[in-house]
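Given next are the chains, with one letter for each unit.
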Amino acid sequence: MRSFDPRQILFENRQILVVYKPAGTAVQSGSVGQMDLEHQLLGYLAMKSSGRSIPYLAVVHRLDQPVEGIVLFTKTKEAAAACSAQLQNGTMKKEYLAVVQPSPEKKEAPLDDYLLRERGSNSSKVVRRGTAGAKKASLSYRVLEENDRGQALLRIQLMTGRHHQIRVQLSHAGMPIVGDRKYGTAEAAAIRKEAGRTGGRGLALCAASLTFRDPETGRTETIAISPKGEAFAGFRQVTG
């Protein structure tokens with residue numbers, strides 16, 4: 001069972017806790033015998049307070065279990081309300097890095113789709129506008145770098161937060177994320193096989209930057225990291 005490493009903390013004050021989530025760790029509700037990030041942090045906060053009180057902890061946004069990157073928690077109800085409001089009104093900015101294959105023809109573009117979540121298969125799909133239960137999904141991407149294996153490093157700005165949104169939209173646009181077993185295409189897998197490598201064992205998607213207004217100080221904070229995933233190795237601009 002993986003324990004929490006304090007080095008995963010990226011930012012902390014009396015109200016806010018921003019941490020790095022490794023790929024493969026669930027934010028909440030991990031499988032039996034697997035500690036999720038929420039409970040790891042509750043244990044960390046309980047140790048800091050020497051068990052004098054039960055810590056308050058709320059997750060403001062989540063990442064899928066295969067995705068690595070930045071997650072914001074709050075330590076007070078007031079901060080939870082303030083940060084949730086930022087998420088809803090769009091003032092909280094989230095950017096991702098992803099490695100896709102093949103490289104897109106358009107090097108910069110917005111993507112707007114309607115997604116329908118299928119809970120039975122824990123998946124989402126692009127559907128026609130007006131489909132019952134569908135929600136609009138919007139993002140924009142920019143190619144930062146390409147390699148000689150036909151892969152591209154993308155910086156993605158997320159405007160909405162839908163289930164599996166980035167993975168579904170990029171796959172629908174013909175540029176699935178490397179290592180995506182759920183939404184990757186057979187054609188992309190064949191290209192990687194021909195190139196002699198998988199491009200990394202895990203999903204090449206990282207929540208790499210988060211900008212928010214600190215409820216305690218009123219300052220705008222931007223937290224950024226470099227991805228650790230194997231598929232990002234070799235790209236020079238993973239911090240760009």
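Structure's up top.
Here we summarise the structure given alongside this text. (Residues numbered from 1 in each chain as written. Predicted model: local features only at pLDDT ≥ 70, side-chain atom pairs only at ≥ 80, totals over all residues. Heavy atoms only, no water.)

1. Looking at the pattern of salt bridges
Reasoning step 1: According to the stated counting rule, one finds 11 salt bridges in the structure shown.
Reasoning step 2: Among the ionic pairs, Arg 14 bridges to Glu 216, the shortest N-O distance being 2.7 Å. With Arg 14 in the loop between strand E1 (9-12) and strand E2 (16-21) and Glu 216 in the loop between strand E10 (205-213) and strand E11 (220-224), this residue pair connects regions lying 202 residues apart in the sequence.
Reasoning step 3: Take Glu 216: its relative accessible area is 27%, and that puts it in the partly exposed class.
Reasoning step 4: Between Glu 95 and Arg 155 there is a salt bridge, with its nearest N and O atoms 2.9 Å apart. Linking Glu 95 in strand E5 (residues 93-100) with Arg 155 in strand E9 (residues 152-158), this pair joins segments that are 60 residues apart in sequence.
Reasoning step 5: Among the residues examined, Arg 155 registers a relative accessible area of 13% and is labelled buried.
Reasoning step 6: The structure contains a network of salt bridges with shared partners spanning Glu 12, Lys 48 and Lys 75. (Salt bridge = Lys/Arg side-chain N within 4 Å of Asp/Glu carboxyl O. Helix = DSSP H or I, 4+ residues; strand = E, 2+ residues; numbered from the N terminus. Buried < 20%, exposed > 50% of the residue type's maximum accessible area, 1.4 Å probe, protein only.)

2. Quick notes on the side chain of Arg 167
Reasoning step 1: The topology assignment puts Arg 167 in helix H3 (residues 165-172).
Reasoning step 2: In this structure the side chain of Arg 167 is engaged in a polar contact, spanning 2.9 Å, whose partner is the side chain of Asp 180.
Reasoning step 3: Apart from residues lying up to four places away in sequence, Arg 167 is in contact with Asp 64, Pro 66, Ile 177, Asp 180, Lys 182, Tyr 183, Leu 203 and Leu 205. (Polar contact = N/O pair within 3.5 Å; in protein donor to acceptor, adjacent residues only side chain to side chain. Contact = heavy atoms within 4.5 Å.)

3. What to know about the packing of aromatic side chains
Reasoning step 1: Summed over all chains, the structure comprises two aromatic pairs.
Reasoning step 2: Each ring, one from Phe 4 and one from Tyr 44, has its centre 5.5 Å from the other, and the planes form 55 degrees; the classification is tilted. Of this pair, Phe 4 sits in the segment before E1 while Tyr 44 sits in helix H1 (residues 37-48), placing them 40 residues apart in sequence.
Reasoning step 3: Since its relative accessible area comes to 15%, Tyr 44 is described here as buried. (Phe/Tyr/Trp six-rings, centres within 6.5 Å; stacked < 30°, edge-to-face > 60°.)

4. Section: the layout of surface pockets
Reasoning step 1: In this structure, the largest pocket encloses a volume near 900 Å³.
Reasoning step 2: Along its surface, the largest pocket is lined by 31 residues, and Arg 62, Asp 64, Arg 162, His 163 and His 164 are the ones closest to its centre.
Reasoning step 3: Grouping the constituent residues of the lining of the largest pocket by class yields 11 nonpolar, 11 polar and nine charged.
Reasoning step 4: In this structure, the second largest pocket spans a volume of roughly 260 Å³.
Reasoning step 5: Leu 87, Gln 88, Asn 89, Gly 90, Met 92, Lys 93, Lys 94, Gln 157, Leu 158, Met 159, Thr 160 and Gly 161 are the residues that line the second largest pocket.
Reasoning step 6: For the lining of the second largest pocket, the secondary-structure elements that each account for two or more residues are helix H2 (77-89), E5 and E9.
Reasoning step 7: When residues of the lining of the second largest pocket are assigned to their parent elements, the largest contribution, three residues, is made by H2.
Reasoning step 8: Of the residues in the lining of the second largest pocket, the class split is four nonpolar, six polar and two charged. (1 Å grid on protein atoms, 1.4 Å probe; cavity = no way out; pocket = protein on both sides within 12 Å on 5 of 7 lines; lining within 4 Å. Points joined across faces, edges and corners; volume = space filled by probe spheres on them. Nonpolar A, V, L, I, M, F, W, Y, C, P; charged D, E, K, R; others polar.)

5. Brief notes about empty space enclosed by the protein
Reasoning step 1: In the structure shown here, the tally under the stated rule is one cavity of 30 Å³ or more.
Reasoning step 2: By volume, the largest cavity is sized at about 40 Å³.
Reasoning step 3: As for the largest cavity, its lining consists of His 61, Leu 63, Ile 70, Lys 94, Tyr 96, Ala 207, Ala 208, Ser 209 and Leu 210.
Reasoning step 4: Of all the elements in the fold, those that place two or more residues in the lining of the largest cavity are E5 and E10.
Reasoning step 5: Among the elements that make up the lining of the largest cavity, the one with the highest residue count is E10 (four residues).
Reasoning step 6: Grouping the amino acids of the lining of the largest cavity by side-chain chemistry returns six nonpolar, two polar and one charged.

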